[in-house]
Every structure is written in C-alpha cells, then in structure tokens.
Amino acid sequence: MRIATWNVNSIRSRIERVIPWLERSDIDVLALQETKARDDQFPFFRFEEIGYEVAHHGYDQWNGVAIASRVGLSEVEAGFAGAPVWGDAPSPEARHLAATCGGIRVNSLYVPNGRQLLDPHMDYKIEWLSRLRDAAAGWRAHGPTLLMGDWNIAPHDEDVWAMEFYEDKSHVSPRERAAFAAVLEAGYHDVVRPLHPGPKVYTYWDYQQLRFQKGRGMRIDFVLATPDLAERVTDAFIDREERKGKGASDHAPVVVEVRDA
C-alpha cells in the first residue's frame, strides 16, 4: 500500500491539486489536515468519483482532518478520549480522525500550533500531546497503527533551516520536543527519517519571504508507526515538487510504501 499525509491548508482551495496528485501518485490512503471546512462543505464527491471513500471531521474554517481510502474505510472515530478542549466556550477541536484502511489503523493528526512560547495555546498544545501519548499507547494493542500528520514540531535542530531564527519561537522548544519524544517512547517509530535523513529535508515552507525558493523550511510532518508496521515500510519520500507552482499548500505530502503482512 502507498499511504500519505498532507496538510492541504484548505481543501476547497486545494482540491484541484489534491485529486490529480492522488491519481498521479497512485495513493491508496491519504490523511489530510487543516481542511478548513465543515462536513457539509467538504467535497466528498470529488474523491468518490475516482474511487475513494472519505471520512471528514471539521467544524468551521479552522482545523479539520480527513482520511480518503480506496482500500476500505471502517471503524471511523473522530477525536480521542481525554483530548483537551479550547476556545471561549471550551470544546474539542477537529484535530484527530481515525479509520481502519486495508488492515491498518490510520490516525490523521493536526497538532495545535502553540503560537508563541508563553501563549496559553502552548500549554494547550503540550496537554494535547500528553493526552495523545496516553491514548496512542493503548492503540498499539489493536494492531498495526499509524500516527500521521502535521505535528507542528521540529524534533531536531536539523529540522529547521536556522536554529538561530527559531530559538525564541515555537516548534523547537524543549517542551515541544519532549512531548514529541514521549509519543515515540510510547511505542512508535518515525518511518521516514531513516530513509531520508537530514539536514535540509523539510516538509513545510512559509509562504512569506520566498522561503521555499530559498530552501528555508521546517520538517514538521511525520509518519509514526507501531513496530509491527514499521518493519513493513519499504520506502518513503517527501513530494517536494507538490510545494511548487500556483495554488500550492505550504506543506508537501509525505508518502510511505508498506508491504503486505
């Protein structure tokens, strides 16, 4: 199977790139983040007409996650037990969606941004990751599992174009990196980095100041797998070409190849 994750930064703005890319790249399962749509606004029919089943979890113009699959889509769950809440009227956000696709439990994740080091949203981010770690530890018992999406964390110095630029900003703080490491310690493996080590291997480039053209990116999109699944990963790549051109997302798709059990 070929499985991918992609923060599309608005599915309605990016649909004319997503559908051709799915067909061209021969993707079996795609986890999407930052769809920025309610369920009634999501273009289900565009996926369905090329043979994909789709589950989506979204409330408004913020957040939103989805999974599209042509190898089955069952046991769909939106959100995880214990997820913290946010907002003026605190409630869970649309940041997690799970489904079983071709015998693999796929989790599409859009981790909170954190905004700034002392922002309350950073505390929310750390708590969200802590609760995710607890939930993900239990998911291992249910068989081959993937945690994939936009983590909004660069776990290593080589995952940003310049640590001097980010040292007083979010995404690289010790708290965030420790929270990411805790998920790995709960029994998951980064299956892309061993095949594509850094430095200068990025998945995100800000739209501003010609960051993409200058190679000033961040590696913040990851695919983590349970050990039984990690050993089945035969290849992986970051489709940097998809960050180019008109109407591109600021993230590139991350793809893994998984052999049959």
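Details of the structure are given in the entry above.
A brief structural summary. Treat the numbers as computed from the prediction; the structure is a model and nothing was measured.

Things to note about helix α5 (residues 174-185)
With twelve residues, α5 ought to run about 16 Å at 1.5 Å a step, and its terminal C-alpha atoms sit 16 Å apart, in line with that. Along α5, the residues that are buried comprise E176, R177, A179, F180, A182 and V183. Tucked inside the fold, the buried residues of α5 contact α3 (120-139), β8 (145-150), α4 (163-166) and β10 (221-225). In the stretch just after α5, G187 is the one whose phi turns positive, near 115°.

Examining empty space enclosed by the protein
Enumeration according to the criterion identifies one cavity of 30 Å³ or more in this entry. Of the voids in this model, the largest cavity is the one considered here, and its volume is about 30 Å³. If you go around the largest cavity, the residues you meet are D190, V192, R193, R219, D221, F222, V223, I238 and V254. Ranked by residue count, the leading element in the lining of the largest cavity is β10, at three residues.

Considering helix α1 (residues 11-25)
The first and last C-alpha atoms of α1 sit only 18 Å apart over 15 residues, clearly below the 21 Å expected at 1.5 Å per residue. Taking the largest bend as the criterion, α1 deviates by roughly 40°, centred on R17, and proline P20 comes between one and four positions later. Where α1 ends, the next residue or the one after it, D26, has phi of about 60°, a positive value.

Brief notes about unusual backbone geometry
Between G198 and the following residue, P199, the backbone shows a cis peptide bond with an omega angle of 5°. A positive phi angle is found at L210, which is not glycine, with a value near 50°. By the secondary structure assignment, L210 is in the loop between β9 (189-190) and β10.

Brief notes about the layout of surface pockets
Approximately 870 Å³ is the volume found for the largest pocket. Lining the largest pocket we find 38 residues, and of these E34, Y110, N113, R115 and N152 sit closest to its centre. Its residues placed into classes, the lining of the largest pocket shows 15 nonpolar, ten polar and 13 charged. Along its surface, the second largest pocket is lined by 17 residues, and E77, A98, R105, W139 and H142 are the ones closest to its centre. Only β5 (74-78), β6 (96-101), β7 (104-110) and α3 provide two or more residues apiece to the lining of the second largest pocket. Looking at side-chain class alone, the lining of the second largest pocket contains seven nonpolar, seven polar and three charged residues.

Points about the side chain of N152
Relative to the helices and strands, N152 resides in the loop between β8 and α4. At 2.8 Å, the side chain of N152 forms a polar contact with the backbone oxygen of V111. Those residues in contact with N152, other than ones at most four positions away along the chain, are Y110, V111, P112, N113, K125, H171, E176 and I220.

A few points about the sheet that holds β6
As summarised here, the arrangement of the six strands in space is β5-β6-β7-β8-β10-β9, forming an open sheet in which the pairing is mixed. Each having just a single partner strand, β5 and β9 make up the two edges of the open sheet. In the packing of α5 onto the sheet, the strands contacted are β8, β9 and β10, and the crossing angle to β10 comes to about 25°.

Concerning the packing of aromatic side chains
Tallying each qualifying case throughout the model produces eleven aromatic pairs. Measuring from centroid to centroid gives 5.3 Å for W151 and F180, while their planes differ by 80°, and the two rings are edge-to-face. You can see W151 sitting in the loop between β8 and α4 and its partner F180 sitting in helix α5, a full 29 residues away along the chain. The pair W151 / F180 is uniform in exposure class, with both members buried. The interplanar angle of 35° and the centroid separation of 5.2 Å between the aromatic rings of W161 and F165 together place this pair among those described as tilted. The cationic tip of R95 hangs over the ring face of Y110; the distance from NZ or CZ to the ring centre is 4.9 Å.

Structural notes on the nonpolar core
With 31 residues, the main nonpolar core has I3, I67, L146, V223 and V256 as its most contacted residues. Elements with a contribution of two residues or more to this core: β2 (29-33), β4 (65-69), β6, β7, β8, β10, β11 (233-238) and β12 (254-258). Residues contacting L146, with those up to four places away along its chain left out, are I3, I104, R105, V106, N107, V223, L224, A225 and L229. Residues F80, M122, Y188 and L224 belong to the second largest nonpolar core, which totals 21 residues.

Some remarks on the pairing of β2
Looking along a regular strand, one sees side chains alternate from face to face of the sheet. The element β2 is extensively covered by neighbouring structure, given that five of its five residues are classed as buried. Of the two faces of β2, the one holding V29, A31 and Q33 and the one holding L30 and L32 are both buried throughout. In terms of strand pairing, strand β1 (residues 2-7) meets β2 through five bridges, oriented parallel. The residue bridging A4 from the neighbouring strand is L30, located in β2. The β-α-β motif built from β1, the intervening α1 and the parallel element β2 has right-handed crossover chirality. Two strands pair when backbone bridges link them, and β2 and β4 are joined in this way by five bridges, in the antiparallel orientation. Each bridged residue has a counterpart across the sheet, and for V29 the counterpart in β4 is S69.

Rules behind the numbers
- Residues numbered from 1 in each chain as written.
- Predicted model: local features only at pLDDT ≥ 70, side-chain atom pairs only at ≥ 80, totals over all residues.
- Heavy atoms only, no water.
- Helix = DSSP H or I, 4+ residues; strand = E, 2+ residues; numbered from the N terminus.
- Expected span 1.5 Å × (residues − 1).
- Buried < 20%, exposed > 50% of the residue type's maximum accessible area, 1.4 Å probe, protein only.
- Contact = heavy atoms within 4.5 Å.
- 1 Å grid on protein atoms, 1.4 Å probe; cavity = no way out; pocket = protein on both sides within 12 Å on 5 of 7 lines; lining within 4 Å.
- Points joined across faces, edges and corners; volume = space filled by probe spheres on them.
- Bend = angle between axes of the 7 residues up to and from the residue.
- Nonpolar A, V, L, I, M, F, W, Y, C, P; charged D, E, K, R; others polar.
- Polar contact = N/O pair within 3.5 Å; in protein donor to acceptor, adjacent residues only side chain to side chain.
- Pairing = 2+ DSSP bridges.
- Axes fitted to C-alpha atoms, helices over the stretch in contact; angles between N-to-C directions.
- Phe/Tyr/Trp six-rings, centres within 6.5 Å; stacked < 30°, edge-to-face > 60°.
- Lys NZ or Arg CZ within 6 Å of the ring centre and 35° of its normal.
- Core = buried A, V, L, I, M, F, W, Y, C linked by side-chain atoms within 4.5 Å.
- Right-handed = clockwise from strand over helix to strand, strands pointing away.

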